[in-house]
Amino acid sequence: MTEPSIPAEDSPIEETGKTEAGVYEANQFKLMMRRFKKHRAAYWCGHIVLLLYIICLSCNFIAPYDPSEIHEDWVSTPPQALHFGKVEGYTLPRLYLHPYDLQVHPVTLRRVYKVDHETRVPLRFFVKGREWKWLGIIPTTRHLFGVDEEAGETCFLLGTGGLGQDGFSRILYGGRISLLLGLTGVSITFLLGIMLGGVSGYYGGILDLGIQRIVEVLQSVPKIPIWLAMAAAIPKSWTSLQVYFAMTLILACIGWTGLCRVVRGKMLSLREEDYARAASLAGATESRIIFVHLVPNFMSHIVASLSLAVPGMILAETSLSFLGLGLRPPIVSWGVLLQEATVDSIVNQPWLLLPALAVILTVLSMNFMGDGLRDAADPYAD
Amino acid sequence: MKPLLHVQNLKVWFPKEHNFFGKPISFVKAVDDVCFTLKQGETLGIVGESGSGKSTTAYASLRALTPTAGKILLSPDGKAEYDLAKMNPNELRPLRRHMQMVFQDPFSSLNPRMTVQQLIAEPLVVNKIGTPKERTEKVKELLSEVGLNQNFLTRYPHAFSGGQRQRIVIARALALNPKFIVCDEAVSALDVSVQAQILNLMMDLKERFNLSYLFIAHDLEVVRHIADRVAVMYAGRLVEAGDTKQVFENPMHPYTESLLRASPRADPNRKRQRSPLRGEVPDPSNLPSGCVFHPRCPKCFAACDKQIPVETHKDGCIVRCLLHEKVGKNQARASVN
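Residues numbered from 1 in each chain as written. Chains lettered and ligands numbered in written order. Predicted model: local features only at pLDDT ≥ 70, side-chain atom pairs only at ≥ 80, totals over all residues.

Visitor: Looking at this structure, how should I read the overall build of chain B?
Guide: Looking only at helices and strands, chain B has 10 helices and 12 strands in total. Taking 2.2 N^0.38 as the reference for a compact globule, 337 residues should give roughly 20 Å; the C-alpha atoms of chain B span a radius of gyration of 22 Å, in line with that estimate. Each principal axis of the C-alpha atoms in chain B carries an extent, and together these give about 75 × 60 × 40 Å. Looking at chain B residue by residue over its 337 residues, the buried ones come to 45%. (Helix = DSSP H or I, 4+ residues; strand = E, 2+ residues; numbered from the N terminus. Rg over C-alpha atoms; globule rule 2.2 N^0.38 Å. Buried ≥ 20, exposed ≤ 12 C-beta atoms within 10 Å, placed from the backbone.)

Visitor: I keep staring at the overall build of chain A and nothing clicks. Help me out?
Guide: Looking only at helices and strands, chain A features 13 helices and seven strands. Relative to a compact globule of 382 residues, whose C-alpha radius of gyration would be 21 Å, chain A shows 27 Å and is clearly more extended. With respect to the three principal axes, the spread of C-alpha positions in chain A is 90 × 55 × 40 Å. When contacts within chain A are restricted to residue pairs at least 6 apart in sequence, long-range pairs at least 24 apart make up 68% of them. (Contact = placed C-beta atoms within 7 Å.)

Visitor: Please explain the environment of arginine 96 of chain B as it appears in this structure.
Guide: Relative to the assigned elements, arginine 96 of chain B resides in the loop between helix H2 (89-92) and strand E6 (99-102). C-alpha separation for the pair arginine 96 of chain B and glutamate 240 of chain B, spaced 144 residues apart in sequence, amounts to 29 Å. Sequence-distant contacts of arginine 96 of chain B, defined by excluding residues within four places in its chain, comprise Leu281, Ala282 and Gly283 of chain A.

Visitor: How should I be thinking about the pairing of strand E2 (residues 94-97) of chain A in this particular structure?
Guide: On any regular strand, side chains alternate: one points to one face of the sheet, the next to the other face. All names here are of chain A. Where strand E1 (residues 82-85) and E2 come together, four bridges link them in antiparallel fashion. Bridge assignment links leucine 82 to a residue of E2, and that residue is leucine 97. Relative to strand E5 (residues 121-122), E2 runs antiparallel, the two sharing two bridges. Bridge pairing links leucine 97 to valine 121 in E5. (Pairing = 2+ DSSP bridges.)

Visitor: Could you clarify how one ought to interpret the pairing of strand E2 (residues 24-38) of chain B in this entry?
Guide: Residues and elements named next belong to chain B. Where strand E1 (residues 5-18) meets E2, 10 bridges bridge the pair, whose relative direction is antiparallel. Bridging from a neighbouring strand, tryptophan 13 pairs with lysine 29 of E2. As consecutive antiparallel partners, E1 and E2 are separated by five residues, and within that stretch glycine 22 has a phi angle of approximately 80 degrees, a positive value.

Visitor: Where do I start with the sheet that holds strand E12 (residues 317-319) of chain B in this structure?
Guide: Across a sheet, paired strands are connected by hydrogen bonds in the backbone, their directions being either parallel or antiparallel. Residue and element names in this part refer to chain B. What the eight strands build is an open sheet, ordered E6-E7-E8-E3-E9-E10-E12-E11; its pairing is mixed. Strand pairing shows two members of the sheet lacking a second neighbour, E6 and strand E11 (312-314), which therefore form its edges. Recorded for the sheet is a direction-independent mean angle of 20 degrees between the axes of neighbouring strands. Looking at chain direction, strand E3 (residues 43-47) and strand E9 (residues 229-234) are connected through four bridges and run parallel. Bridge assignment links isoleucine 46 to a residue of E9, and that residue is alanine 231. (Axes fitted to C-alpha atoms, helices over the stretch in contact; angles between N-to-C directions.)

Visitor: Before we go on, may I ask you to explain the sheet that holds E1 of chain A in this structure?
Guide: Spatial ordering of the open sheet is given by E1-E2-E5 (chain A), a layout of three strands whose pairing is antiparallel. In this open sheet, the two strands that pair with only one neighbour each are E1 and E5 of chain A.

Visitor: Quick question: what am I supposed to make of the packing of helix H5 (residues 162-174) of chain B against helix H6 (residues 192-209) of chain B here?
Guide: All names here are of chain B. Interaxial distance between H5 and H6 falls to 10 Å at its minimum, and their mutual angle equals 15 degrees. Considering the angle they form, H5 stands roughly parallel to H6. Considering how the two elements wind past one another, H5 and H6 form a crossing that is right-handed. Across the interface between the two elements, Gly162, Gly163, Gln166, Ile170 and Leu174 of H5 pack against Val194, Gln197, Ile198, Leu201, Met202, Leu205 and Phe209 of H6. Here the contact of H5 with H6 is built from residues that sort into eight nonpolar, four polar and no charged. (Parallel < 35°, antiparallel > 145°, perpendicular 65-115°, else oblique. Left-handed = near helix turned anticlockwise from the far one by under 90°. Nonpolar A, V, L, I, M, F, W, Y, C, P; charged D, E, K, R; others polar.)

Visitor: Any chance you could explain the interface of chain A and chain B here in plain terms?
Guide: A common measure of how large an interface is: the accessible area buried when the components associate. Taken together, the contacts link 27 residues of chain A with 34 residues of chain B. Elements with a minimum of two residues in the side of chain A that touches chain B: helix H1 (18-24), helix H9 (274-281) and helix H10 (286-322) of chain A. The class makeup of the residues in the side of chain A that touches chain B is 14 nonpolar, five polar and eight charged.

Visitor: Could you clarify how one ought to interpret the domain arrangement of chain A in this entry?
Guide: All names here are of chain A. By domain assignment, chain A separates into domain 1 (74-162) and domain 2 (169-376). Between domain 1 and domain 2, the C-alpha centre-to-centre distance is 38 Å. Contact with domain 1, which involves seven residues of that partner, is made by seven residues of domain 2. Residues belonging to the side of domain 1 that touches domain 2 are distributed by class as follows: three nonpolar, four polar and no charged. (Domains from an automatic or database assignment.)

Visitor: Even after reading the chapter, I still don't get the confidence of the model for chain B, so can you show me in this structure?
Guide: Interpretation of this model should avoid reading the predicted coordinates in detail wherever pLDDT is low. Residues and elements named next belong to chain B. Summary statistics for chain B give a mean pLDDT of 84 and a share of 94% for residues scoring 70 or more. Mean pLDDT across the secondary structure elements of chain B bottoms out at helix H10 (residues 326-336), with 58, and peaks at E3, with 92. Among the scores for the predicted complex, ipTM is 0.81 and pTM is 0.73. (pLDDT = per-residue confidence, 0-100.)

Visitor: Explain the packing of helix H5 (residues 167-203) of chain A against helix H8 (residues 240-271) of chain A to me, please; I cannot follow it from the model alone.
Guide: Helix packing geometry: the angle between the two helix axes and the distance between the axes. Residue and element names in this part refer to chain A. With their axes 5 Å apart at the nearest point, H5 and H8 run at an angle of 40 degrees to one another. As for how H5 packs across H8, the hand of that crossing is right-handed. When its residues are assigned to classes, the contact of H5 with H8 shows 18 nonpolar, 10 polar and three charged.

Set out below in structure tokens:
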């Protein structure tokens, strides 16, 4: 317990300085942020996570191509490197790409992409392209960057897949699905966990007994077979959106058990706190005690454990989709993208593994952020 | 006029073991057959060792826990009488405003997520008293009553020391203009110098608000300072009760005697007669037969392990000891001879 420098006890009406009032009037959230910022790695990883979400949620604007757009002429192209320098027709140096020259091997008939070092294709910003809707309402055709497609120029920053779909665009669109699935899955987990754990911890008795046994049964079932069973139960005729929500539900239905236990434990310990008892002695109703006194006091812990649960969800979706059990094309998610990366194709097209890099970056930074949040969750510790 | 609080034959037994059908077969008798009254404007101190049932008695008389048996009669205006022991939480809620509590640990009795304003106003909010503006006024008034700066309203509890927090707790308890306040070891977590300030504040407030205190403490000097009457508990039973002065100067029960002898006094000239009690406080789930104190009692005689002593009134005090019962006196004399 850190004791702030206190005014002398024998003069309780003494006014303290203005600078101290900042700490004294800081609520728990402010104190928590203060501690979180001290954890450098977690703080910066938090920024990365935020950036990832911003990029993936604005994939419509940032991605130069539609994820399902097929370029028959540009199948399995390696990534095109970005360069910086002078481009013909422009006075200032700028970003440019070298175009590919497609040649067919005379003997094997394999497609070979040769970099044309002579030509420089400038990367244009805020170009017109395919139409998309801003916030789903306002139609616009502007994109962050692109090239003059009508002149036959291409920009495949991370290469293309077996059907000539742009890898970079697909990773962004896939990220939107994967990251949102993690978030929605965790929100459902959160609701189930808080409600069942709260009831279990506050009321105890037979309810507690029942809920805890259900949790134990769910936790003892091996995860992959139960995912298999539930994924198999999804009808093939469902639209991709329906499959998406079904997947979210499946992941959430299994994920809530851990949170339920955390909430129950916190309820059990906080219920005995003097301030909860004081509130009931003041005449507060049970719901007031739970929602005004108990829940806010363990909310920070819940937020921390949730931020650690999101990467778990993302990994689960990725592995399920990779196994062909989760989302299916035409939905693009990181797992679906990795499905394309079979042993054969990786040998010739290692860039197909790039979605895995995105997964690793996301999961690592989320874990770091979650760790930092957990440490910061109790501003009164040490 | 009826006493403010009249507790009759209060029993709080916690089930310890259950049989096959879930029926309790043995109990921890935390409080057993306790009777006391608290009059308007009076301070009743309850003293005893740890585990003697002081706090349980306090909680039960506020109905913070449900007693096993007995009556808890509250008459806020001296006329109507409510038996708290038989009421359910919804019936109790309107009566809660007459009785408030100050806890031992000022660090856990204030919700760390609320500002001082929210904390002190909470009893008003939950009882739907006044408009937000009136509440703020009331909170300011209460803050100055307990000697805190009115600018502290927006601060959180972590900004305060133990003594200041206890002042906030007291202000909160006063918000509803209660008739009596239960203080469960209210000053034992504080430094001695701060203890004195809080005690003086409490005595001061008692005069101004016409309060009654049920003051639980293990520090005998504190009780001597603040209480009008004192009750001594041992192993869940009340062994002696009476005017503070009389009990402290002329204890009748052998347990009270040894308790007083064991307490340190800030008087270098006083000669201490050390005669510590043998043994330990009995296991409340397996109490000795007869008088619960007999295995440790220096004045124990033959009948003590058979006969449960009853309340004997003597010189305005109540004592539960066979020595002071008629049968006892003769037998004791016989066993001494």
